[in-house]
Amino acid sequence: MGEAASPQRGSVGGERTAEKASMRFGVLQFPGSCDDRDALRACRQVGEARLVWHEDTELSDVDVVVVPGGFSYGDYLRPGAIARFAPAMEAVTRHSAAGRPVLGICNGFQVLCEAGLLPGALLPNDYLHFVCRQVELRVESTSTPFTSECRSGQQLSIPVKHGSGRYFVPPEELDRIEARGGVVLRYAPGHNPNGSAHDIAGVVNEQGNVMGLMPHPEHAVDPLTGSDDGLRILASLAAWAVRQDREPLSA
Amino acid sequence: MKILIRPKPGILDPQGKAIERALPALGFEGVSQVRVGRLVELEAVEPDRVPELCDKLLANPLIEDYEIHLEETAPSG
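Below: a short report on this structure. The residue numbering used here restarts from 1 in each chain and proceeds along that chain's sequence as written. Throughout, the order in which chains and ligands are written sets their labels, letters from A for the former and numbers from 1 for the latter. Under the rules for a predicted model, residues below a pLDDT of 70 receive no local features and side-chain atom pairs below 80 are neither given nor counted, while totals for whole chains, interfaces and linings still include all residues. Remark: hydrogens and water are excluded; side-chain values derive from all non-hydrogen atoms of the structure.

### Comments concerning the pattern of salt bridges
Line of reasoning, step 1. Basic side-chain nitrogens of Lys or Arg form a salt bridge, by our definition, when they fall within 4 Å of a carboxyl oxygen of Asp or Glu. Summed over all chains, the structure comprises 18 salt bridges over all chains.
Line of reasoning, step 2. The closest approach of N and O atoms between K2(B) and E41(B), which form a salt bridge, is 2.5 Å. With a gap of 39 residues between them, K2(B) in strand β1 (residues 2-7) and E41(B) in strand β2 (residues 38-41) connect regions that are remote in the sequence.
Line of reasoning, step 3. Judged by its relative accessible area of 26%, K2(B) is partly exposed.
Line of reasoning, step 4. Categorising residues by exposure relies on relative accessible area from a 1.4 Å probe, with only protein chains included: less than 20% of the type maximum marks a residue as buried, more than 50% marks it as exposed, and the intermediate range marks it as partly exposed. On the basis of relative accessibility, which here comes to 54%, the residue E41(B) falls in the exposed class.
Line of reasoning, step 5. Measuring nitrogen to oxygen at the nearest pair gives 3.3 Å for the salt bridge that ties E52(B) to R49(B).
Line of reasoning, step 6. Three or more residues are tied together by salt bridges with common partners; here these are R24(A), E48(A), R50(A), D56(A) and D61(A). Each helix corresponds to a stretch of at least 4 residues labelled H or I by DSSP, and each strand to a stretch of at least 2 residues labelled E; elements are numbered beginning at the N terminus.

### Some details on the environment of E46(B)
Line of reasoning, step 1. Along the polypeptide, E46(B) turns up in the loop between β2 and α2 (50-58).
Line of reasoning, step 2. The spacing of E46(B) and I11(B) is 35 residues in sequence and 32 Å in space, taken between C-alpha atoms.

### Considerations on the pairing of strand β11 (residues 210-213) of chain A
All names here are of chain A.
Line of reasoning, step 1. Burial of the side chains of β11 extends over both faces: V210 and G212 are buried on one face and M211 and L213 on the other.
Line of reasoning, step 2. Two elements, strand β4 (residues 102-105) and β11, share 4 bridges in a ladder whose sense is parallel. Within β11, the residue paired with G104 across the bridge is G212.
Line of reasoning, step 3. Pairing of strand β10 (residues 200-204) with β11, which is carried by 3 bridges, proceeds in the antiparallel orientation. Of the residues in β11, the one forming a bridge with V203 is G212.
Line of reasoning, step 4. We treat two strands as partners when DSSP finds at least two bridges between them. In textbook terms, the turn of a hairpin is the stretch between consecutive antiparallel strands, and for β10 and β11 this stretch comprises 5 residues, one of which, G208, has a positive phi near 85°.

### Let's talk about the pairing of strand β6 (residues 131-139) of chain A
Taken residue by residue, a regular strand's side chains alternate between the two faces of the sheet.
Residues and elements named next belong to chain A.
Line of reasoning, step 1. Examined bridge by bridge, β6 and strand β7 (residues 155-162) share 8 bridges and lie antiparallel to one another. Each residue of the ladder has a partner; that of Q134, found in β7, is P159.
Line of reasoning, step 2. Sheet topology note: the β6/strand β9 (residues 183-187) ladder contains 3 bridges and is antiparallel. Bridge pairing links R138 to R186 in β9.

### Some details on the sheet that holds β9(A)
Residues and elements named next belong to chain A.
Line of reasoning, step 1. Within the open sheet, the 9 strands sit side by side as β2-β1-β3-β4-β11-β10-β9-β6-β7. Their pairing is mixed. The open sheet is flanked by β2 (48-53) and β7, the only strands paired with a single partner. Strand-to-strand twist across the sheet, computed as the mean angle between neighbouring axes with direction ignored, equals 25°.
Line of reasoning, step 2. Each of β1 (24-29), β2 and β3 (64-67) touches helix α3 (residues 36-43); the most contacted strand, β1, lies at about 175° to it. A fitted line through C-alpha atoms serves as each axis, taken over the contacting stretch for helices, and the angle formed by two N-to-C directions is quoted from 0 to 180°. Note on definitions: a residue-residue contact is assigned when non-hydrogen atoms from the two residues lie within 4.5 Å.

### Focus on the environment of V64(A)
Line of reasoning, step 1. Positionally, V64(A) belongs in strand β3.
Line of reasoning, step 2. Taking C-alpha positions, V64(A) is 6.6 Å from R100(A), a pair spaced 36 residues apart along the chain.

### Considering the interface of chain B and chain A
Line of reasoning, step 1. With 14 residues of chain B in contact, the opposing surface of chain A contributes 17 residues.
Line of reasoning, step 2. Defined here as a combined quantity, buried area equals the accessible surface (1.4 Å probe) lost by two parts on assembly, summed across both. Across the chain B to chain A interface the summed buried area is about 1,300 Å²; carbon plus sulfur atoms make up 70%.
Line of reasoning, step 3. For chain B, the biggest contributors to the area lost against chain A are P14(B), L57(B) and L62(B); these three give 39% of the whole.
Line of reasoning, step 4. Linking chain B to chain A there are 1 salt bridge.
Line of reasoning, step 5. Its salt-bridge partner being R78(A), residue E64(B) comes within 3.5 Å of it at the nearest N-O pair.
Line of reasoning, step 6. Here a polar contact is taken to be a pair of N or O atoms separated by no more than 3.5 Å, where protein atoms must pair a possible hydrogen donor with a possible acceptor and residues adjacent in sequence count only if both atoms sit in side chains. Counting across the chain B and chain A interface gives 5 residue pairs in polar contact (both at pLDDT 80 or more).
Line of reasoning, step 7. At the level of elements, α1 (14-22) and α2 of chain B are the ones that each hand at least two residues to the side of chain B that touches chain A.

### Remarks on the packing of aromatic side chains
All names here are of chain A.
Line of reasoning, step 1. Paired rings are identified among Phe, Tyr and Trp, the last through its six-membered ring, by centres lying within 6.5 Å, and are further divided according to the angle between planes into stacked (under 30 degrees), edge-to-face (over 60) and tilted (the rest). Enumeration according to the criterion identifies 2 aromatic pairs over all chains in this entry.
Line of reasoning, step 2. Centre to centre, the rings of F30 and Y73 are 6.1 Å apart; their planes meet at 50°, and the pair counts as tilted. Here the residue F30 occupies a position in the loop between β1 and α3, and Y73 occupies one in the loop between β3 and α4 (87-97), the gap between them amounting to 43 residues.
Line of reasoning, step 3. Since its relative accessible area comes to 21%, Y73 is described here as partly exposed.

Everything listed here is a matter of coordinates, which is why it stays silent on function.
Quick look at the structure:
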C-alpha cells in the first residue's frame, strides 16, 4: 500500500532526475538494527541508497552515511557501546574525517556518541518510560548539511521511540556546544520526552558534518502516516551531495 | 576480578529513584540515595590492561565511574 501511495523515486532503474542520480546514502546494518529498511526506503525518496553490512568497510561509493535506529547488539552493556567496535564504524570514522556527512538516528545517535564522533551520551529517559509518540521539533540552525532545506525556527513533526534518549554532556561542554551553535534541533516547549539537557533533540559535531538525533526522520516521510517533515532532513543531505558534486571537498 | 560500575555523582539515576519510591509501599521506610550500577566479573590474563578495557568498553567515563576489585586468591588448592 505504501509503495503504491508513494513510489520510490530515485531507486535503481526508476525514474530519476539529474539531481538524484548523483548522490548515494549508505545505511548501516548491525545485528539488532530495526530501522535500517525504513531508512533505506526514506533515503530512496530523495536519492539512491544501499545497505552497509556491519562487517563491510567499503564506503567509497557512499556520499552520506546513515546509522539507523534499533537495538544494535541487543543494546548490551549500554546502547551503542558494542556497535562502535564494528568494522563498518572504522569506515564511518574515515568517512567523517574526510568531512563527509554522517547522520545517526536514535540508536545511531547513541552509537556515534559512544564512538566519540559526537560529544555527550544518551541516558535512560528521566521517567524510565519507553516513549513512542509524535513530537514537535524546532530547527535551531539551517547552516548544516542536515538542515539546509529547512527554515530557521521551522517546526518539524517527527516521531520518537526510545528508552534512552536523555542527552547529557557535562555543563561546561554543554555551554561550548550552545556557543558554537551545535544544537541543531530542539524539542518544542512541552515536547521534551526524555529529560534531555536544554531540550536537545539533535546535535552536530564541531566540524558540522556529523549529526545525531533521537527522533526518526525516516518514519516521517509520508503524509499517510501523519507527517513528511522528516524528508526535509534527508533532502538537505541530498542537496549537500549535489553541491559537492559541483564543488568537491578536495577542491 | 570484579568491576563495579556506577553512575557518576550528580547524574540523575531514574532506576534508583524508581526503587526508592517503591520501597515505602513495601514497608521499608527511610531508605534514600538509591543508585543502581552494575557488576562485571571477569578473568584476565593481562590484569594491567583492565583499566583500559574499562575506559573503552565496560564504562562510559563521561557518565560512569568504575572500581576494579581484585579477588583474593583462594586460601588453598
